[in-house]
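Listed below are the residues making up each chain.
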Amino acid sequence: MDIGVPVRVALCTLGGTIAMAGTDGGVVTRLTGAELTAAVPGLADTGVTLDVRDVHAVPSASLTFRDILAVVADAEAAVDAGATGIVVTQGTDSLEETAYLADLVWRRPEPIVFTGAMRNPTLAGADGPANLLAAVRVAAAPAARGLGALVAFDDEIHAARWVRKTHSTSTGTFASPDVGPVGHVVEGRVRVLTRPDRRPPLPAAPLDLDRARTALYAVTFDDDGGLLAGLADTHRGLVVAAFGVGHAPAPLAPVLGELAARIPVVLTSRTGAGSALRATYGAVGSERDLRRRGLIDGGLLHPYKARVLLRLLLATGADRDAVAAAFDDHG
């Protein structure tokens, strides 16, 4: 289905499975953006003019904060030059984190849409072309304006704030367990079903990323926290992926409290859905106990996204009170 009005979308390519086509010791050969778009049936019929930008071909596991912030800056320049929306193609390994980072700093009403593929072009049923077509349609759609960073995958539209990669190989890997997709692409038509509130953007510059090292620690069975020794000497912040609603073994609680006295420590749930609680349980190592020891409530933010937010805040020079306020807002 044609969107009806010719528009221009900037396509920023970052490599990943969607752009891999060779089998020299594994799937490694990368397609350019022009080659990628040429393989998408129906793309020419959308009425969208693509401004293709081959930005940085790298596996998404190797992407950095600086890489994504550079993409955001390039995307903003494209919007200034008249782009209706932005599409970013990349590998799926880190997509839930990169899209969230972009969402935190994106200042424009034009959508920035992330997509990729789970099956490379050498496989039967490669999903890259369909995902790219859907992403272009979303980026060009007036209904997607004001939604910030989005993920278009498997004909679903997800808010970057909520989306997660939930399966290592499935083409339906991206889901938003707490809220569901915000929309769908149906017969080529972008259908936005709900519009989550947008938070004010955080600064994208100046940032001191080198001094904002942030760790993520997953609480495990019979965990005494020995691996955390000395962490406050090497890192500026810590995210704890705790049991259930935000619980830790009793021997770990004082270790986390000592860290929280020195650096911001954010408490999240490792379960992948649902919120860390604030004031239900009271035993040693419970969420109430850990908050009394100075840990910051991460709310509905899952550990990987919490780390993105915490590092960005620390890179702007935020102190503990500012970090707690930001998590109260974003979590």
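Higher on the page you've got the structure.
Residues numbered from 1 in each chain as written. Predicted model: local features only at pLDDT ≥ 70, side-chain atom pairs only at ≥ 80, totals over all residues. Heavy atoms only, no water.

**Some points on empty space enclosed by the protein**
Logical step 1: A complete count under the given rule lists 1 cavity of 30 Å³ or more for this structure.
Logical step 2: By volume, the largest cavity is sized at about 140 Å³.
Logical step 3: Lining of the largest cavity is provided by 16 residues; of these, Asp-103, Arg-161, Asp-197, Arg-198 and Arg-199 occupy positions nearest its centre. (1 Å grid on protein atoms, 1.4 Å probe; cavity = no way out; pocket = protein on both sides within 12 Å on 5 of 7 lines; lining within 4 Å. Points joined across faces, edges and corners; volume = space filled by probe spheres on them.)

**Let's talk about unusual backbone geometry**
Logical step 1: The amide bond that connects Ala-205 to the next residue, Pro-206, takes the cis arrangement and shows omega of -10°.
Logical step 2: One non-glycine residue, Asp-154, adopts positive backbone phi at about 60°.
Logical step 3: Take Asp-154: it is sitting in the loop between strand S5 (149–153) and strand S6 (156–159).
Logical step 4: Positive phi is not limited to glycine here, since Asp-222 has a value of about 60°.
Logical step 5: Checked against the element boundaries, Asp-222 lands in the loop between strand S11 (214–218) and helix H5 (231–234). (Helix = DSSP H or I, 4+ residues; strand = E, 2+ residues; numbered from the N terminus.)

**Re the packing of helix H8 (residues 303–315) against helix H9 (residues 320–330)**
The relative placement of two packed helices is expressed as an angle between their axes plus a distance between the axes.
Logical step 1: Where H8 meets H9, the closest approach of the two axes is 10 Å, and the angle between their N-to-C directions is 140°. The orientation of H8 relative to H9 falls into the category oblique. For the pair H8 and H9, the sense of crossing is right-handed. When H8 is examined against H9, the residues Ala-306, Leu-309, Leu-310, Leu-313 and Leu-314 are found in contact with a partner set consisting of Val-323, Ala-326, Phe-327 and His-330. (Axes fitted to C-alpha atoms, helices over the stretch in contact; angles between N-to-C directions. Parallel < 35°, antiparallel > 145°, perpendicular 65-115°, else oblique. Left-handed = near helix turned anticlockwise from the far one by under 90°. Contact = heavy atoms within 4.5 Å.)

Coordinates in, geometry out; function isn't part of it.
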